[in-house]
Amino acid sequence: MADLPPVPRDAEAPARWPFVGRTAQLDAVRAILDDGPYAGVVVAGPPGAGKSRLAAQAVSERASGTVVTVRGTTAAADLPFGAVAHLLPERFPPDGGANPLRRAAEALRPPDGGTPLLNVDDAHLLDFASAALVHHMVLHCQARLLATVRSGEPAPDPVVALWKDGLVRRIELEPLPVEETGRLLAQVLGGRVETVTLRRLWRVTQGNLLYLREMVIAGRVSGALDEIGGLWRWGGDLSLTPRLHDLVEARIGELDEDERETLEFATFGEPLGADVLARLTDAAAVERCEARQLITGFRDGRRLQVRPAHPLYGEVVRARATPERARDLFARLADAVEATGARRRDDALRVTVWRLDSGTARRPHPLITACRLAMSVFDITLAQRLGRAAVAAGGGPAAAVPLAYALFFDDRPEEAEQVLRRVMDGPAAETDRSGYAWIRALGLTWSVGDADAHRVAEEAASAVTDPAVRQDLLVASAFVHFFAGRPLDSDRQLAAARRLGAVRNPASAAEAAVVEGLRLAHGGKTVPARALADATLRDATRWRDDTPDVYWSLQCVRLLSFLFEGDLTAAEEVTGLTRRLMREEAPWRLGVAGFDGHLAQIRLLRGQAADAVRFSREGIANLGGYKAGFAGLCLGELAHASALLGDGATAESALADAVDRSLRTFVPIDFPATLARPWVHAAAGDLDAAVAAALAAADDAETHGLRGYRMFALHDVVRLGAAPLVAGRLTRLCPAVDGPLAPVLARHAVAAAAGDGPELDAVSRAFERMGLLLHAAEAAAQAAAAYGPARRPGVFAASRAWALAGRCQGARSPALRGLTPPRLTARQREIAGLAATGLSNREIADRLTLSPRTVANHLVGVYRRLGVGDRAALADLLPRI
Ligand SMILES: Nc1ncnc2c1ncn2[C@@H]1O[C@H](COP(=O)(O)OP(=O)(O)OP(=O)(O)O)[C@@H](O)[C@H]1O
Ligand SMILES: [Mg+2]
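Read on for a plain summary of the structure. As the structure is a prediction and not an experimental result, all values here were calculated from the model.

Criteria and thresholds
- Residues numbered from 1 in each chain as written.
- Chains lettered and ligands numbered in written order.
- Predicted model: local features only at pLDDT ≥ 70, side-chain atom pairs only at ≥ 80, totals over all residues.
- Heavy atoms only, no water.
- Phe/Tyr/Trp six-rings, centres within 6.5 Å; stacked < 30°, edge-to-face > 60°.
- Helix = DSSP H or I, 4+ residues; strand = E, 2+ residues; numbered from the N terminus.
- Buried < 20%, exposed > 50% of the residue type's maximum accessible area, 1.4 Å probe, protein only.
- Lys NZ or Arg CZ within 6 Å of the ring centre and 35° of its normal.
- 1 Å grid on protein atoms, 1.4 Å probe; cavity = no way out; pocket = protein on both sides within 12 Å on 5 of 7 lines; lining within 4 Å.
- Points joined across faces, edges and corners; volume = space filled by probe spheres on them.
- Nonpolar A, V, L, I, M, F, W, Y, C, P; charged D, E, K, R; others polar.
- Contact = heavy atoms within 4.5 Å.
- Pairing = 2+ DSSP bridges.
- Axes fitted to C-alpha atoms, helices over the stretch in contact; angles between N-to-C directions.
- Parallel < 35°, antiparallel > 145°, perpendicular 65-115°, else oblique.
- Left-handed = near helix turned anticlockwise from the far one by under 90°.
- Salt bridge = Lys/Arg side-chain N within 4 Å of Asp/Glu carboxyl O.
- Near = heavy atom within 4 Å.
- Polar contact = N/O pair within 3.5 Å; in protein donor to acceptor, adjacent residues only side chain to side chain.
- Areas by Shrake-Rupley, 256 points an atom, 1.4 Å probe, with all protein chains shown as cover.
- Sits in = over half its atoms within 2 Å of the grid points.

This part takes up the packing of aromatic side chains. Scanning the model with the defined rule gives 18 aromatic pairs in all. On the numbers, 5.7 Å between centres and 55° between planes, the contact of F564 with F712 is tilted. Taken together, the positions of F564 in helix α26 (residues 549–565) and F712 in helix α34 (residues 707–719) put the pair 148 residues apart, joining distant regions of the chain. Here F671 and Y709 contribute two aromatic rings whose centre-to-centre distance is 5.7 Å and whose plane-to-plane angle is 15°, an arrangement assigned as stacked. One end of the pair, F671, is in the loop between α31 (648–661) and α32 (672–683); the other, Y709, is in helix α34, and 38 residues separate them in sequence. Of the two residues, F671 and Y709, both sit in the buried class. In textbook terms, an aromatic cluster arises when at least three aromatic residues are bridged by ring pairs, as seen for Y405, F409, W446, F479, F482, F483, W552, F595, F630 and F666. Taking the ring centre of F298 as reference, the NZ or CZ of R307 above it sits at 4.2 Å.

Given below as structure tokens:
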């Protein structure tokens, strides 16, 4: 664990967090208080957004002047001058006389006669007299104002008049956005927070800093929030502490019977159709709950839905309900939704879950359907609950198979096998036996790494008579072979399946499309690969309830096809989309880890080595166990990126871990670990070993049918300075790989082997256009060497290489060693400096008494020398020279 200030265990007085973010809002407050037309500012926002803290920060920064502090409170809200009582003389008004406002204002004026700053917290809670006093003083320029109010709550008229009449400005403080929350947590915890954790914390706290702080303190005390591999991560459930519970309960306030029930329905049924809620409770109570901001409505397609206004209200309501109460609510919710006619796919799922929770689910069939529905949206935990209930209700093999599926994908293979074995103990139909073999073969491949899992499918296939069932099993066998790195066996089994006709079972047809799509993409046939993936995805309704993993794998086909074509933008788009879906819809960690790893891979190709380290670490934090799916991918990318950043120690240990932790059935997926090896040698200074490892990786890729990766491995030899060894091979390979990247890689090899400066220059520019910045820098450096340092084009190419390398987040590959910052003459530097500030050629000319033409000529020289094209790039680069 990182060194941290001790966790405050005294629940009553935890240390305050440092003030973070909110720069724009703080600037706005400062500007208004310092100067301008307004007599002050009111900061408005939802509870816990940080209004009071922002005001306190602004006050603490003020060097001089008297500050008069006033707070609105519920307790004093009915007492005239209650909020300012502590500032008034003991007997007030002194003579019981007239005009108490004026007298009170006099009492608040500082002895030095200056204009004080009135700092009013929670101005919406001021009693009417105090509110009138504040208004009076501001109106008559007897004070400037810095106040906070909760938005959406009623405030006394004189307070509202302050901004309504334009006396002061009202600024809105939105809940702290998720990115700023991330920065705040990083500062408080002293390290980055893993994205899944950040999103979960944000989702329950909704940018309410008061709640966030309580969660963090609780997480640190209980150990749920901990640092793993440089990342802060929340393990287990997000549970409420008693203190947070009390805080939220106080915020909810007193409820009458109907209001309580309304909030309960909105919580237990979240999100609940407004029409269903109307059936269940009293309309007036719903209105009151909305007015008190306890529940909130939102549109979802054509439906108006209702949910608690804050997720923590729901948590508190849940915690308050007894088990009997919860069962009763669930049963009534299920009845009400069924009575309105469950129309959507997710209605069926919800009603079944409610029936389960209310103890009224008796028939296995709806539970089986719901289990598959839950799995199809990657809610793996819910799928297991439903599946277990379905098995317990006597669902037999039809229940056991989807349950085993969910268990395998949640890294619980022993339990999955047990479930299957139990239902298969007695006599079973042929289709059940094959369903069992099919799921076992898939599950053992994904979660156990059993490279012999194909036997399970093949033995079952030889025992069945129904050709359609046989087909399913042959596809399963092809699947195992492919992931175990045996492409030819995979092809053979797929061909055998096809010989029995078109694959009939939609789930098997989809798995067959995965195997074929991956085979094509890895084989360089990226265009047909993508077409197949797209067509299968369009057909998702036919297979998604049986094999949702197909969705994931087909997105992989798409991403790899873009990657090998060199379309990094499209590849990143696919990755981002799938990664978000996996994280936000349901945190299915196995799926998340895979796409983290691929994102790291793409960023590294872009030359963004530090990003690659970051994303691969996120992936590693999401790995299921020690030996885990995607371990090779994530650790391999970490090794590769660290090596390029010159961190040989991390690179070496990550590579060793990658080898040790990989499953034997992730051969194509984990291949990036093999591609990392040359760079780990290079980081250790052993270029011969690096070249040998790259050549070995190319052979290895060939064996496993990974032509795209073979192309990268051969090209690495070019990057490592041994182009003559591979120029022929890359040129021959090139026509076999679709897309514009392969020809550039082949051109690079030929140009580097021939020492052809202009051609290397052209290759470098092609890489730059495709966004492969590190490759572009390396080719430019090789161009410089080919031209020779004494020649002008050599000087230009070296400058370009240097500038491109500067955009690679610190990556330093062997080809870039020896690059030095370009040198400018004194005159060039002077002109470049002025141009970088945005001055035109004419303005520079006037200032230096030169002709504009001379300035232009100098600038052309500067641009060439630095390898940049415009003033913005110049401004970016100059400070680094
Ligand atoms: N910018 C910030 N940086 C660090 N901590 C903050 C920041 N803003 C708020 N906090 C902390 O979050 C908690 C809630 O903030 P604060 O009390 O200012 O919220 P508020 O909007 O005034 O809430 P309420 O409506 O309940 O009065 C406090 O512990 C505060 O110190
Ligand atoms: Mg406050």
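The discussion continues.
Enumeration over the complete set of coordinates arrives at four cavities of 30 Å³ or more. The volume enclosed by the largest cavity comes to roughly 210 Å³. The wall of the largest cavity is formed by 15 residues, among which L605, H640, L675, F712 and R719 lie closest to the centre. Secondary structure elements with two or more residues in the lining of the largest cavity: α28 (589–605), α30 (631–644), α32, α34 and α38 (773–787). In terms of residues, the lining of the largest cavity owes the most to one element, α34, which gives five residues. Each residue belonging to the lining of the largest cavity can be placed in one class, and the counts come to eight nonpolar, four polar and three charged. If you add up the space inside the second largest cavity, you get close to 100 Å³. Lining of the second largest cavity is provided by W446, F483, L518, H522, W552, S553, C556, L560, H598, P668, I669 and Y709. Contributions of two or more residues to the lining of the second largest cavity are made by α24 (506–522) and α26. If one sorts the elements of the lining of the second largest cavity by residue count, α26 sits on top with four residues.

We now examine the side chain of R251. Along the chain, the position of R251 falls in helix α9 (residues 242–252). If near-sequence neighbours (up to four positions away) are discounted, R251 is found in contact with P47, R150, E153, Y211 and Y313.

With that settled, consider the sheet that holds strand β9 (residues 295–300). Neighbouring strands of a sheet are bound in pairs by backbone hydrogen bonds; such pairs are parallel or else antiparallel. Read across the sheet, three strands follow the order β8-β10-β9 without closing on themselves; strand pairing throughout is antiparallel. Two strands bound the open sheet, and with one partner strand each, they are β8 (272–273) and β9. Summarising the sheet, β9 and strand β10 (residues 303–308) pair through six bridges and their orientation is antiparallel. By the bridge assignment, G297 is partnered in β10 with V306.

Attention shifts here to the sheet that holds strand β3 (residues 117–121). Pairing in this open sheet of five strands is parallel, and the strands run β2-β3-β4-β1-β5 from one edge to the other. Every interior strand has two partners, whereas the edge strands, β2 (67–71) and β5 (169–172), have only one. The sheet shows a mean angle of 15° between the axes of neighbouring strands, taken without regard to direction. Where β2 and β3 come together, five bridges link them in parallel fashion. Bridge pairing in β3 places V68 opposite L118.

As a packed pair, α34 and helix α36 (residues 741–754) sit with axes 10 Å apart at the nearest point and diverge in direction by 30°. The orientation of α34 with respect to α36, classified from their angle, is roughly parallel. The crossing of α34 and α36 is left-handed. Of α36, the residues touching α34 (which contributes M711, F712, H715 and V718) are L741, A742, L745, H748, A749 and A752.

Within the structure shown, the criterion is met by 50 salt bridges. The residue R325 makes a salt bridge to D328 at a minimum N-O spacing of 3.8 Å. Residue R325 and its partner D328 are both found in helix α14 (residues 323–340); the two are separated by three residues, about one turn of the helix. One salt bridge connects R519 with D491, and the closest N-O pair in it is separated by 2.6 Å. With R519 in helix α24 and D491 in helix α23 (residues 487–499), the pair connects residues that are 28 residues apart, well separated along the chain. Exposure remark for D491: the relative accessible area of 29% places this residue in the partly exposed category.

Moving on: the site of ligand 1. Inspection of the region around ligand 1 gives 18 residues, with G50, K51, S52, R53 and R150 positioned closest. Take A49: an N or O atom from its main chain is 3.1 Å from an oxygen atom of ligand 1. A distance of 2.8 Å separates an oxygen atom of ligand 1 from a polar side-chain atom of R150. Protein chains bury 88% of the 630 Å² of accessible surface belonging to ligand 1 in isolation. A majority-of-atoms criterion places ligand 1 in the second largest pocket. Looking at the shell around ligand 1, the elements with two or more residues in it are α2 (51–60) and α8 (209–222).

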